[in-house]
Amino acid sequence: MFRRNKTTPPPSKPEQPEAIAINLDELAALEKALLEADRLRRHWMESPPYYGVELLTVHDVIAMLYQRAGAASVVQPDPQRARLPLYRHEIKWLADAIRAMERHWARDGHLSDARLLHNRFNALLGQTRAIIHMGGVPVFTSESPQAPETRVIPAGARALNGSVYDGEVGA
């Protein structure tokens, strides 16, 4: 009556969790944003929207992040080089905190700092997705402290084709 397909499907690849690596300064800024949003929510009698297996409080979230920082310090004892994972669904905590700060008039500087941090996290998440999509091959590094240095060509230098550089851009 029914025929079964005698070929077995190829094993599916386990999906990699999308995570970014943050440093301790970014962790402190994230903690500051979450605590400010929690202060505003408590003032306006709102409950925090942090869901995991059960409803998490802000202090549970921060404790979990600092436990990861403790584990990262075992692997990398230098605190400036230690990196801890922050997963994609956890970046939403910062987005929720930003919405609470916008809704309840956050203190000066807190909202702009949180937005900059959220933009950085999203850029790092985009980089992680690109690396995963490229099969684990990093296309560019996230650890570069600044843009790549530009090469200064002195006037009068010869190019490979024999032309002489006259000091103007694009020449």
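So, how was this worked out
- Residues numbered from 1 in each chain as written.
- Predicted model: local features only at pLDDT ≥ 70, side-chain atom pairs only at ≥ 80, totals over all residues.
- Heavy atoms only, no water.
- Axes fitted to C-alpha atoms, helices over the stretch in contact; angles between N-to-C directions.
- Helix = DSSP H or I, 4+ residues; strand = E, 2+ residues; numbered from the N terminus.
- Parallel < 35°, antiparallel > 145°, perpendicular 65-115°, else oblique.
- Contact = heavy atoms within 4.5 Å.
- Nonpolar A, V, L, I, M, F, W, Y, C, P; charged D, E, K, R; others polar.
- Expected span 1.5 Å × (residues − 1).
- Buried < 20%, exposed > 50% of the residue type's maximum accessible area, 1.4 Å probe, protein only.

Undergrad: Is there a simple way to think about the packing of helix α1 (residues 24-43) against helix α2 (residues 58-75) in this case?
TA: Each pair of packed helices can be summarised by the angle the axes make with each other and by the distance between the axes. Put simply, α1 and α2 touch, their axes get as near as 10 Å, and they point 175° apart. Comparing their axes, α2 and α1 come out roughly antiparallel. Across from L24, L27, A28, L30, E31, L34, L35 and D38 in α1, the residues of α2 making contact are V58, H59, V61, I62, L65, Y66 and A69. Taken together, the residues that form the contact of α1 with α2 break down as 12 nonpolar, 1 polar and 2 charged.

Undergrad: Hey, could you run me through helix α4 (residues 110-133) in this one?
TA: Along an α-helix, residues three or four apart share an orientation, since each turn contains 3.6 residues. Taking 1.5 Å per residue as the helical rise, α4 with its 24 residues ought to reach 34 Å, and the 34 Å between its terminal C-alpha atoms agrees with that figure. Residues of α4 that are buried in the fold lie against β1 (19-22), α1, β2 (84-87) and α3 (88-103).

Undergrad: What am I meant to see in the side chain of H118 here?
TA: Inspection of the secondary structure assignment puts H118 in helix α4. If sequence neighbours within four positions are ignored, H118 has contacts with I91, L94, A95 and I98.

Undergrad: Explanation requested: the side chain of D38 in the structure shown.
TA: Structurally, D38 can be placed in helix α1. Judged by relative accessible area, which is 9%, D38 ranks as buried. Every residue in contact with D38, bar those within four places of it in the chain, is listed here: V58 and H59.

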